[in-house]
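Each chain is listed here by its residues.
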Amino acid sequence: MYRLQPALQNYAWGMTEVLEDLTGRPVSGDPVAEAWWGAHASAPAVATAAHHHGADEAGLHAGESLGLDALIARAPGATLGPVLAERWERLPYLLKVLAIAKPLSLQVHPTLDQAEAGFKDEEARGVPVDAPTRTFKDRSHKPEMIVALTPMTLLAGFRPANAVAQDLVWLGQPCTRRWAEELANATEPTIALGEYVQKVLRDPEAPAALEALIEVGGRSGVPEALAVASAAALEFPGDPGALVALALNVVRLTPGQACYTGAGVIHSYQSGVGVEIMANSDNVVRAGLTPKAVDIDLLVELTDGTPTPPPRVLAERDGAVTRYPTPCAEFSLSMVERGTATFPAGPRIVLAVDGTAAVHGERGSVSLQRGQAAFVPHSDGRLVVEAVGSAFVVEVPTSAV
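Rules and cut-offs
Starting from 1, residues in each chain are numbered consecutively following that chain's sequence as written. A pLDDT threshold of at least 70 governs which residues receive local features in this predicted model, and a stricter bar of 80 or more applies before side-chain atom pairs are shown or counted, although totals over entire chains, interfaces and linings include all residues. Excluded from the side-chain calculations are hydrogens and water; all other atoms, namely the structure's heavy atoms, are used. For Phe, Tyr and Trp, where Trp contributes only its six-membered ring, two rings pair if their centres lie within 6.5 Å, and the inter-plane angle classes them as stacked under 30 degrees, edge-to-face over 60, or tilted in between. Here a helix means four or more residues in a row that DSSP labels H or I, a strand means two or more in a row labelled E, and each is numbered from the N terminus. Note on exposure labels: buried denotes an accessible area under 20% of the residue type's maximum, exposed denotes more than 50%, and partly exposed covers the range between, all computed with a 1.4 Å probe on protein chains only. Remark: a charge is flagged as sitting over a ring if the NZ atom of Lys or the CZ atom of Arg is within 6 Å of the ring centre and within 35 degrees of the ring normal. Helix axes are fitted only over the stretch in contact, all axes being lines through C-alpha atoms; the angle between N-to-C directions runs from 0 to 180 degrees. Put simply, angles under 35 degrees are roughly parallel, angles over 145 are roughly antiparallel, angles from 65 to 115 are roughly perpendicular, and the rest are oblique. Here a crossing is called left-handed whenever its near helix is offset anticlockwise from the far helix by less than a right angle, and right-handed whenever the offset is clockwise. We call two residues in contact when some of their heavy atoms are within 4.5 Å. For this classification, the nonpolar set comprises Ala, Val, Leu, Ile, Met, Phe, Trp, Tyr, Cys and Pro, the charged set comprises Asp, Glu, Lys and Arg, and every other residue, Gly included, is treated as polar. For this document, the term salt bridge refers to a Lys or Arg side-chain nitrogen within 4 Å of an Asp or Glu carboxyl oxygen. A pair of strands is considered paired only if DSSP assigns at least 2 bridges between the two. A pocket, in this scheme, is an open set of points on a 1 Å grid over the protein atoms alone with protein on both sides within 12 Å along at least 5 of 7 lines, while a cavity is a set where a 1.4 Å probe fits but cannot get out; residues line either one if an atom lies within 4 Å of a point. Grid points are joined across faces, edges and corners, and a volume is the space filled by probe spheres set on the points. We define a nonpolar core as any set of buried Ala, Val, Leu, Ile, Met, Phe, Trp, Tyr and Cys residues linked to one another through side-chain atoms lying within 4.5 Å. The length a helix should cover is 1.5 Å for every residue beyond the first. Of all possible arcs, the one meant is that of the directions from the helix axis to the C-beta atoms.

A. Seen up close, the packing of aromatic side chains. For the structure on display, the rule yields three aromatic pairs. Ring centres of Trp179 and Tyr196 lie 6.0 Å apart, and the angle between their planes is 85 degrees; on these two criteria the pair is classed as edge-to-face. Of this pair, Trp179 sits in helix H7 (residues 174-184) while Tyr196 sits in helix H8 (residues 189-202), and the two are 17 residues apart along the sequence. For the pair formed by Trp179 and Tyr196, the shared burial category is buried. Note that Lys102 overlies the ring of Phe236, its terminal NZ or CZ placed 5.6 Å from the centroid.

B. How the structure looks around the packing of H7 against H8. Interhelical geometry of H7 versus H8 gives an angle of 165 degrees and a closest axis separation of 10 Å. When the interaxial angle is binned, H7 and H8 end up roughly antiparallel. Between H7 and H8 lies a crossing whose hand is right-handed. On the side of H7, the interface is formed by Trp179, Glu182 and Leu183, while H8 contributes Ala192, Leu193, Tyr196, Lys199 and Val200. Here the residues of the contact of H7 with H8 are counted per class, giving six nonpolar, no polar and two charged.

C. Focus on the pattern of salt bridges. Taken as a whole and assessed by the stated rule, the structure comprises 20 salt bridges. Note that Arg252 and Glu224 form a salt bridge whose closest N and O atoms lie 2.8 Å from each other. On the criterion of sequence distance, the pair formed by Arg252 in strand S10 (residues 248-253) and Glu224 in helix H10 (residues 224-235) is long-range, its members being 28 residues apart. Among the residues examined, Arg252 registers a relative accessible area of 40% and is labelled partly exposed. Among the residues examined, Glu224 registers a relative accessible area of 40% and is labelled partly exposed. For Asp380, the salt bridge is made with Arg363, and the minimal N-O distance between the two is 2.9 Å. Of this pair, Asp380 sits in the loop between strand S20 (373-376) and strand S21 (383-395) while Arg363 sits in the loop between strand S18 (348-361) and strand S19 (364-368), and the two are 17 residues apart along the sequence. Given a relative accessible area of 1%, Asp380 falls into the buried group. By relative accessible area, which is 42% here, Arg363 ends up partly exposed.

D. How the structure looks around unusual backbone geometry. Positive phi, close to 80 degrees, is recorded for Glu17, a residue that is not glycine. Tracing the backbone through its elements, the reader meets Glu17 in the loop between strand S2 (7-9) and helix H1 (18-23). Even without being glycine, Leu289 reaches a positive phi, approximately 55 degrees. Mapped onto the elements, Leu289 comes out in the loop between strand S13 (285-288) and helix H12 (296-302). When its relative accessible area of 1% is taken as the criterion, Leu289 is described as buried.

E. Seen up close, the pairing of S18. Within S18, ten of the 14 residues are buried, which leaves the element mostly enclosed by the surrounding structure. Relative to S20, S18 runs antiparallel, the two being bridged by four bridges. Paired with Ile349 across the two strands is Phe375, which belongs to S20. Bridge count between S18 and S21: eleven bridges; the pairing is antiparallel. Across the sheet, Ala352 pairs through a bridge with Ala391, a residue of S21. Bridging between S18 and S19 involves five bridges; their strand directions are antiparallel. For Ala357, the partnering residue across the bridge sits in S19 and is Leu368. Taking the residues between adjacent antiparallel strands as the criterion, S18 and S19 are bridged by two residues.

F. Region of the structure containing the layout of surface pockets. In this structure, the largest pocket occupies an estimated 880 Å³ of space. Every residue lining the largest pocket is counted, 42 residues in all, and those nearest its centre are Ser105, Val284, Arg286, Thr290 and Lys292. Counting only elements with at least two residues in the lining of the largest pocket, the list comes to strand S3 (34-38), strand S6 (93-100), strand S12 (267-279) and S13. Along its surface, the second largest pocket is lined by 23 residues, and Trp88, Arg90, Asp138, Ser140 and Asn280 are the ones closest to its centre. For the lining of the second largest pocket, the element with the highest residue contribution is helix H2 (residues 68-74), accounting for three residues. Of the residues in the lining of the second largest pocket, the class split is eleven nonpolar, four polar and eight charged.

G. Main features of the nonpolar core. Formed by 51 residues in total, the largest nonpolar core has its most connected members in Leu168, Leu171, Leu183, Tyr196, Leu213 and Leu243. Discounting residues that sit within four places of it in the chain, Leu171 has contacts with Thr176, Ala209, Ala212, Leu213, Val216, Leu226, Leu243 and Leu246. One finds Ala35, Ala99, Leu351 and Phe375 within the second-largest nonpolar core, a separate group that totals 49 residues.

H. Summary view of H10. Along its twelve residues, H10 runs 17 Å from first to last C-alpha, staying within 8% of the 16 Å computed at 1.5 Å per residue. Turning to H10, its buried residues number three or more, namely Ala225, Leu226, Val228, Ala229, Ser230, Ala232 and Ala233. Taken together, the buried residues of H10 touch strand S9 (152-158), helix H6 (161-169), helix H9 (206-216), helix H11 (241-245), S10 and S12.

I. Representation of the environment of Ala247 within the structure. Tracing the sequence through the fold places Ala247 in the loop between H11 and S10. If near-sequence neighbours (up to four positions away) are discounted, Ala247 is found in contact with Gly157, Phe158, Arg159, Val164 and Tyr196.

J. Up close: H9. Here H9 has its buried residues at Ala206, Ala209, Leu210, Ala212, Leu213 and Val216. Down the axis, H9 shows its buried residues gathered within 165 degrees of arc, on one side only. Against H7, H8, H10 and H11 lie the buried residues of H9.

This is the structure in structure tokens:
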């Protein structure tokens, strides 16, 4: 069993103090957006052996540390289990906590096939993995789910085309009236919404529409989607991504509620603090609300323009355990609250977010305070978590093992 120290990410949209308070780090005064408890090569957590009689399978003695990615690479069979070691060769998921002070970029993630093709293409063209122009940093898709720790506002998935058309009329510009008419009269809403994204990101009249969006956002009685898009436009002056935001579902989460976004779903987290779990990937194509590069052609290729309801996750409560089911093979997320739960062998991460938690494997135990996490390898067998407060447990679904 290993204690984990997360890698912190200082993105401009982050909050100050929140993640330092959670993880016990000194407050820098700079925005800290994400804490990563995982084994992604770009920012692995640091694993410290909790207790062993002699060296463990990876060669670590008690108190010795190593990046979690390197630890798993040293002993994949023991850490992941033989089946997962053969299937993925690395930890298939990445656990984060996000602290969002202003909107993240509008983004979409590829399917597995798209990620593999894009990665091979950029490798063949000699684009360095750490280059700013690199899109596909690995071969994986990136399905993801966020569970709110505080009230959160998200944008995820397209609204019905006629609803977007009705809101565009509020802006009163020639271009927005034209876009609204095209959406209202569309016989294929999926195609129409994809075309709308292209238009607003390229239309030379978009700046006038953005000015109108900011002005309308200050009025009373404004539809919710307009108000959220207007707030995003204020944060990113001149960025037409705010007009894409207008076409998306507004999702309000209260603590404990969750939202799942699969491949092809445009989304943007707007505000709040949450636990995020995803496939172990950093493949992102951006649609706006960012100073980073926006690849419109690739965005349109990867985006599913189908209108969908807000992609909320229906949690399942069983005693002390709340499970958040998804169709994803790489991860399964549960929350243990004020009670005890048991989990089968596999590579698991336990993160205490409130109060304390005791983590028991078949070869030892650790106690976690708020903001502390442990990696429990497959070789530690069955896992028992006793939560005095709340703790999240990430594992790989048994269907994948």
